[in-house]
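Notes for the structure review
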Amino acid sequence: SQQGEEDPQALSIQEGENATMNCSYKTSINNLQWYRQNSGRGLVHLILIRSNEREKHSGRLRVTLDTSKKSSSLLITASRAADTASYFCATDGGSNYKLTFGKGTLLTVNP
Amino acid sequence: NAGVTQTPKFQVLKTGQSMTLQCAQDMNHEYMSWYRQDPGMGLRLIHYSVGAGITDQGEVPNGYNVSRSTTEDFPLRLLSAAPSQTSVYFCASSYSMGEKLFFGSGTQLSVL
């Protein structure tokens, strides 16, 4: 069963705009991770945020976590065409052994 | 470092055939796992291992076997391939449980 669910399923923006993707999950977590997948490729890790953290930054990426609402958001600022990819959130459901992925958000950044 | 290496990249099987998908990592990672990715389903965990000699089932283990005789290798065996196993398979590893995963480039499997 899917632990995390991303929203929206698809997002299309212009280069230079900001992109926000959301992830909701069902059970308590130790950490939440975001990954990117370019078409036909393996997933690449972006950010890991722990349950006791509220916000984390990495370059143009900002991730927030609200454990009371069981939700997270990924913000990509000043988007580029190269950011076009699918973005997945992954949660551990309280167990470090099993990382469960959502179905992803397909982001298209138009030049 | 090569990272996580999966072979083959593409494979076509007939129903009932068996095969092994290979996965190797050169980062001395303790944790390794196998996922399958189907359209509209996201990634689903098949099996995982927390160290050599230790494996356990994930969300969709039926029809698959794994073993972990060394830290580096984590092969996935399909015992009797079925069309429902047509998918893209990803191997992933991490330094320890709960840390970020490093993914291989995937194996695209078609079962006819």
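Right, let's walk through the structure included here. Nothing here was measured: the structure is a model prediction, and the numbers come from that model.

Cut-offs and rules
- Residues numbered from 1 in each chain as written.
- Chains lettered and ligands numbered in written order.
- Predicted model: local features only at pLDDT ≥ 70, side-chain atom pairs only at ≥ 80, totals over all residues.
- Heavy atoms only, no water.
- Pairing = 2+ DSSP bridges.
- Helix = DSSP H or I, 4+ residues; strand = E, 2+ residues; numbered from the N terminus.
- Axes fitted to C-alpha atoms, helices over the stretch in contact; angles between N-to-C directions.
- Contact = heavy atoms within 4.5 Å.
- Buried area = accessible area lost by both parts, 1.4 Å probe.
- Salt bridge = Lys/Arg side-chain N within 4 Å of Asp/Glu carboxyl O.
- Polar contact = N/O pair within 3.5 Å; in protein donor to acceptor, adjacent residues only side chain to side chain.
- Nonpolar A, V, L, I, M, F, W, Y, C, P; charged D, E, K, R; others polar.
- Phe/Tyr/Trp six-rings, centres within 6.5 Å; stacked < 30°, edge-to-face > 60°.
- Disulfide = S-S within 2.5 Å.
- Buried < 20%, exposed > 50% of the residue type's maximum accessible area, 1.4 Å probe, protein only.

**So, the sheet that holds strand β1 (residues 4–7) of chain B**
Residues and elements named next belong to chain B. Sheet architecture is open: four strands sit in the order β1-β3-β8-β7, paired in antiparallel fashion. The sheet is open, and its two borders are formed by β1 and β7 (64–66), each paired with just one other strand. Ignoring strand direction, the axes of neighbouring strands in this sheet form an average angle of 20 degrees.

**Topic: the pairing of strand β6 (residues 54–57) of chain B**
All names here are of chain B. By the bridge criterion, four bridges tie strand β5 (residues 42–51) to β6 in an arrangement that is antiparallel. Each residue of the ladder has a partner; that of Ser49, found in β6, is Thr55. A loop of two residues connects β5 with β6, the two strands running antiparallel in sequence, and Gly53 in this loop sits at a positive phi of about 85 degrees.

**Notes on the interface of chain A and chain B**
At the interface, 21 residues of chain A touch 21 residues of chain B. For the chain A and chain B pair, buried surface summed over both sides reaches about 1,700 Å², with 53% attributable to carbon and sulfur atoms. For Glu99 of chain B, the salt bridge is made with Arg50 of chain A, and the minimal N-O distance between the two is 3.3 Å. Joining chain A to chain B, the criterion identifies five residue pairs in polar contact (both at pLDDT 80 or more). Looking at the side of chain A that touches chain B, its residues break down into seven nonpolar, ten polar and four charged.

**Re the environment of Ile76 of chain A**
Mapped onto the secondary structure, Ile76 of chain A falls in strand β8 (residues 71–76). Distance in space between the C-alpha atoms of Ile76 of chain A and Asn18 of chain A is 5.6 Å, their sequence separation being 58 residues.

**A closer look at the packing of aromatic side chains**
Aromatic ring pairs are described here by two measures, namely the spacing of the ring centres and the angle between the planes. Under the defined criterion, the tally for this structure stands at eight aromatic pairs over all chains. Through a chain of ring-to-ring contacts, three or more aromatic side chains come together here, namely Tyr35 and Phe101 of chain A together with Tyr35, Phe90 and Phe103 of chain B.

**Some words on the state of the cysteines**
All names here are of chain B. Applying the stated rule across the entire model yields two disulfides over all chains. Shown here is the disulfide that connects Cys23 with Cys91, its sulfur atoms set 1.9 Å apart. Measuring the twist about the S-S bond at about -70 degrees, one finds the Cys23-Cys91 disulfide to be left-handed. Taken together, the residues span a long stretch of sequence, with Cys23 in strand β3 (residues 19–25) and Cys91 in strand β9 (residues 87–94) at a distance of 68 residues. A single burial state applies to Cys23 and to Cys91, both of which are buried.

**Considerations on unusual backbone geometry**
Cis geometry is adopted by the peptide bond preceding Pro8 of chain A, which originates at Asp7 of chain A and carries an omega value of 0 degrees. Along the chain, Thr7 of chain B connects to Pro8 of chain B via a cis peptide bond; the corresponding omega equals -5 degrees. Residue position: Pro8 of chain B is located in the loop between β1 and β2 (10–13). Here Lys70 of chain A, not a glycine, exhibits a phi torsion of approximately 50 degrees, which is positive. Relative to the assigned elements, Lys70 of chain A resides in the loop between β7 (61–66) and β8. Lys70 of chain A gets classed as partly exposed once you look at its relative accessible area, which sits at 28%. Phi at Asn28 of chain B is positive, roughly 60 degrees, even though this residue is not glycine. You can see Asn28 of chain B is positioned in the loop between β3 and β4 (31–38). We classify Asn28 of chain B as exposed; its relative accessible area is 53%.

**Points about the pattern of salt bridges**
Throughout the structure, instances matching the rule amount to six salt bridges over all chains. Its salt-bridge partner being Arg62 of chain A, residue Glu55 of chain A comes within 3.9 Å of it at the nearest N-O pair. Relative accessible area serves as the criterion here: at 32%, Arg62 of chain A is assigned to the partly exposed category. Across the pair Arg36 of chain B and Asp38 of chain B runs a salt bridge whose closest N-O atoms are separated by 3.0 Å.

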